[in-house]
Amino acid sequence: MAKRDFLQITDFSTDELNKLFDLAVEVKKLTKDGNSPTPLSGKSFACIFHKPSLRTRISFEVGISQLGGNSLYITDKEIELGKRESIEDVARVLSRYVDGIIIRTFSHENVEKLAEWSTVPVINALTDFTHPCQVISDLLTIKEHLGTWEGKTITYLGDGNNMARSWINAARRLNFDLRIGTVKETHPGELVNIATSEGAKVEVMYDPVEAVTGAHVVYTDVWASMGEKDKAGEKGNLLEKFQINDDLMKNADPGAIVMHCLPAERGREITDTVIDGPQSVVFDEAENRLHAQKAILITLAG
Ligand code: CP
Ligand code: NVA
């Protein structure tokens, strides 16, 4: 069978995504009962990280270990992807040693090239374009707290970045209404038109109150991502009115949950009172990185 990669949520069909969530629920329960399955026994995984990470790196390394496998943490200093040698050569060499590659880097095109030349599965652990593992974990969290995402309204507020685009990709496969509250300068780009032309329910709104009204999930991310922290001041000025605070939350559905992929810049995109308040599920999201990614690893390499 041909190897599969997970570079985008759209790499999986709706049916495959539903099976992935069922598997994640099952693996989470087994893990909590102290019986994690070990289908990765004897397998090794390269974890290439060119940006910092708390959640992604540790949940992948712990998840691989719980599944019986071995992980290698590799920074830019070791393989200098595309600098010391070409991405094509790195892909072909690594594929002779390991059973899968997990990569966090800047350029999405580089990850696509790595996947094209690797004969083992490649998993996107965040690029400047998307962060699919995060949204899979978030959807698992929504399923746990709200029962389903079907027919719900999910509002993403803030920068039209890798997180916003991952939500758009999720809306291309799953049935929910996605609202993106942002400004023209930080619009998530062409992917919005691609999604709507396929029939996905994605709407960009420039008024935060309109975007949040009646929402079942209110989501945000930092306004300046890794690699563009020099733009923090400028982005902060543009996105100020999209801060999730108690006043804005009054417009959401009374049972709404608040989500953030973390790390948060408290006091900027979200206030302490909201992130630490009763509607916040941010630490469940963080935990679910472990369970959802174990399901992804089993699906691709188990
Ligand atoms: N949410 C997330 O990906 O966190 P890290 O950057 O810490 O991995
Ligand atoms: N948009 C953020 C997500 C961090 C998990 C970044 O790329 O830095």
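Residues numbered from 1 in each chain as written. Chains lettered and ligands numbered in written order. Predicted model: local features only at pLDDT ≥ 70, side-chain atom pairs only at ≥ 80, totals over all residues. Heavy atoms only, no water.

Enquirer: I'm lost on the overall build of the protein chain in this one. Help?
Expert: Of the regular secondary structure elements, the protein chain holds 13 helices and 9 strands. The C-alpha atoms of the protein chain give 19 Å as radius of gyration, which agrees with the globular expectation for 302 residues (19 Å, within 12%). In terms of its C-alpha atoms, the protein chain occupies a principal-axis envelope of roughly 55 × 45 × 35 Å. Per-residue burial for the protein chain yields a buried fraction of 56% across its 302 residues. Of the accessible surface of the protein chain, which amounts to about 12600 Å², a share of 50% is contributed by carbon and sulfur atoms. The distance from the centre of the 34 positive side-chain charges to the centre of the 45 negative ones in the protein chain is 3 Å. (Helix = DSSP H or I, 4+ residues; strand = E, 2+ residues; numbered from the N terminus. Rg over C-alpha atoms; globule rule 2.2 N^0.38 Å. Buried < 20%, exposed > 50% of the residue type's maximum accessible area, 1.4 Å probe, protein only. Areas by Shrake-Rupley, 256 points an atom, 1.4 Å probe, with all protein chains shown as cover. Lys, Arg positive; Asp, Glu negative; His and termini not counted. Charge placed at Lys NZ, Arg CZ, Asp CG, Glu CD.)

Enquirer: Whenever I open this one, the nonpolar core confuses me. Can you help?
Expert: Looking at soluble globular proteins, one finds that nonpolar side chains tend to be buried together. Ranked by size, the top nonpolar core spans 56 residues in total, and within it Leu 139, Trp 167 and Phe 176 carry the most contacts. Per element, the largest residue contribution to this core is 7 residues, and it comes from helix α13 (residues 282–301). Not counting residues within four places of it along the chain, the set of residues in contact with Phe 176 comprises Leu 139, Trp 149, Gly 151, Lys 152, Ile 154, Trp 167, Ala 170, Ala 171 and Lys 201. Grouped together as the second largest cluster of nonpolar side chains are 21 residues, Val 212, Leu 248, Ala 256 and Val 258 included. (Core = buried A, V, L, I, M, F, W, Y, C linked by side-chain atoms within 4.5 Å. Contact = heavy atoms within 4.5 Å.)

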